[in-house]
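# Structural description and commentary
These are the residues of each chain, in order.
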Amino acid sequence: MPPPHSAPELAQKISDILMDWKIDRKIFSFTLDNVAANNAMVKLLKTQLQLQSSLLCNGEYFHVRCCEHILNLIVQEGLKVASDALDKVRSSIKYVKASEARMIKFKECARKVDIEFTTSLCLDVPTRWNSTYLMLASGIKYQRVFSMLECDDLAYKHCPTEDEWEGGKVMCEFLEPIYDITTLISGSSYPTSNLYFMEVWNIARLLEKNSRSHDEVVKSMPLKMQSKFEKYWEEYSDILSMGAVFDPRMKLKLVEYCYSTLDPLSSEDKVNRLKTKLYILYDEYKKKGDDAYLSKVSQSSGRCNSELGESKFMEGVRRQEVGKLKMNPNVFVAYRSYRGATSEAKSALDVYLEDMTTDENAKLDLLKYWKDHSSNCAELARMACDVLSIPITTVAAESSFSVGAHILNKYRNKLLSEKSKLLFACIIGCMDILKGRSTVGNGGADLAAMSMSLNPIVVVYLLPSLRHKCETLGDGLLATNGLRPLP
């Protein structure tokens, strides 16, 4: 999308895409990062969709904030407490990874202290706390190696002290369950909205537990994180909490239990509030289903009347054939609502909530579960599928952009000499082939063999210019590299 990337431009672009895909009247929610520009854009987009009467509950559940982004903000606040120790670990790993000679010396130090170098050192992206946790975990494993390196390499000045290493270990134990939660909620191959309530509750309990720790660093981290937690998650998201209710292993009973452990005095009010919202949303789905039924019956009735003619038996009732009466669609919908309020006191939602929960350890495909139950409770199943389909984090591809610093930074910005020579030879070979005077033998096979030693990304950049030549030579050059012919 060309600039400007202002809120009105973004809203218009998304609106155009929704209309082009013909899903502008099927949108239930929008999951976005907690950025000011996104907030303004969502307001504009929500207003447009409300004018079409496309949103349920007047768009109350339209904007869903990315839980992973919020969790990142919360943990980053806590990491500020131990910034000095983290900076030393980060600088130590940067120092070792800066050159191959230093890495060789580091491995020699590992042999001296009898530590096997099995996992590589991990450098973090400071804005992504989960990568900071992985960096800390990889550094702690080689604590004694770094101490030996300090003795052998006088240029190494960043080794953390013994107390800082100990603080890092305690911090790592504190962050590990939060890292596991982050990994769980950012999944893209299974529903995640049913996980929201339980995992946010787990984080709240974790902060409460560690705020009573004997370690001063760990004790101060939850206190810093608590302010951010209360800002974003003091009031749990209603629509994502419903995700837990639509998991037959949890339902409202689990929500009641979790609220009671956090604050017994207000738990009943919070559960009743969620239950009220749940029934309001269910009524919207029932109304939507009734409207669809009314439209269908009206069309059918119109066709019958054009063929048979109309003879009124009473207002609101049509006689179609002897002994068979057909109600006016408006009367029929009203009658069905009245019948449900009198003889059928329990709705499908009532029955579901009162049924026994499934074993909490059972493996369950939630979307399939509700699809299988759609014949018995169509509106409830549709509502459950819509809620469970909400991603509670933004697309997983975001993390791919965030780890870009791992690939190219000031410590890793050049190829090894032998790789450079191979790349140069490949480029010369490519130029010769393009000019029709190939100096490479075997119809390009030698060039392919050389490029095998290079990073596949480099080969991908070289091959497009050879596409037409490859068609003449056959696809041997590509096949030798294990690549498919380019389109």
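As the structure is a prediction and not an experimental result, all values here were calculated from the model.

Rules behind the numbers
Residues numbered from 1 in each chain as written. Predicted model: local features only at pLDDT ≥ 70, side-chain atom pairs only at ≥ 80, totals over all residues. Heavy atoms only, no water. pLDDT = per-residue confidence, 0-100. Contact = heavy atoms within 4.5 Å. Phe/Tyr/Trp six-rings, centres within 6.5 Å; stacked < 30°, edge-to-face > 60°. Helix = DSSP H or I, 4+ residues; strand = E, 2+ residues; numbered from the N terminus. Buried < 20%, exposed > 50% of the residue type's maximum accessible area, 1.4 Å probe, protein only. Lys NZ or Arg CZ within 6 Å of the ring centre and 35° of its normal. Core = buried A, V, L, I, M, F, W, Y, C linked by side-chain atoms within 4.5 Å.

Another point: the confidence of the model for the protein chain. Here the protein chain shows a mean pLDDT of 76. Residues at 70 or above account for 69%. Across residues 397-408 the pLDDT falls below 50, and counting only partners more than four positions away or on other chains, this stretch makes 13 contacts in the model. Note on residues 451-487: pLDDT under 50 across the span, and 48 contacts to partners over four residues away in sequence or across chains.

Glancing now at the packing of aromatic side chains. Under the criterion given, the structure shown has 20 aromatic pairs. Aromatic pair phenylalanine 229 and tryptophan 233: ring centres 5.8 Å apart, planes at 80°, arrangement edge-to-face. Of the two residues, phenylalanine 229 and tryptophan 233 are both situated in helix α10 (residues 216-233); the distance of 4 residues between them amounts to about one turn of the helix. The same class applies to phenylalanine 229 and to tryptophan 233, which are both buried. Chaining the aromatic ring pairs together yields one cluster made of Tyr95, Phe106, Phe117, Tyr142, Phe146, Tyr156 and Trp165. For the cation-ring pair, arginine 102 lies above tyrosine 95, with the distance from its terminal atom to the ring centre recorded as 3.9 Å. Above the plane of the ring of tyrosine 352 lies lysine 251, whose end atom (NZ or CZ) is 4.3 Å from the centre.

Judged by nonpolar contacts, the single largest core of 92 residues is most densely connected at Phe146, Trp233, Ile239, Phe246, Leu281 and Trp370. In this view, isoleucine 239 contacts Phe28, Tyr61, Val64, Leu281, Val387 and Ile390; residues no more than four positions away in its chain are not counted. Counting 13 residues, the second-largest nonpolar core is a separate cluster that includes Leu18, Leu49, Leu55 and Phe62.

A word on the environment of alanine 37. Position of alanine 37 relative to the elements: it lies in helix α2 (residues 36-51). The exposure class of alanine 37 is partly exposed, given its relative accessible area of 35%. Distance in space between the C-alpha atoms of alanine 37 and proline 8 is 9.6 Å, their sequence separation being 29 residues.

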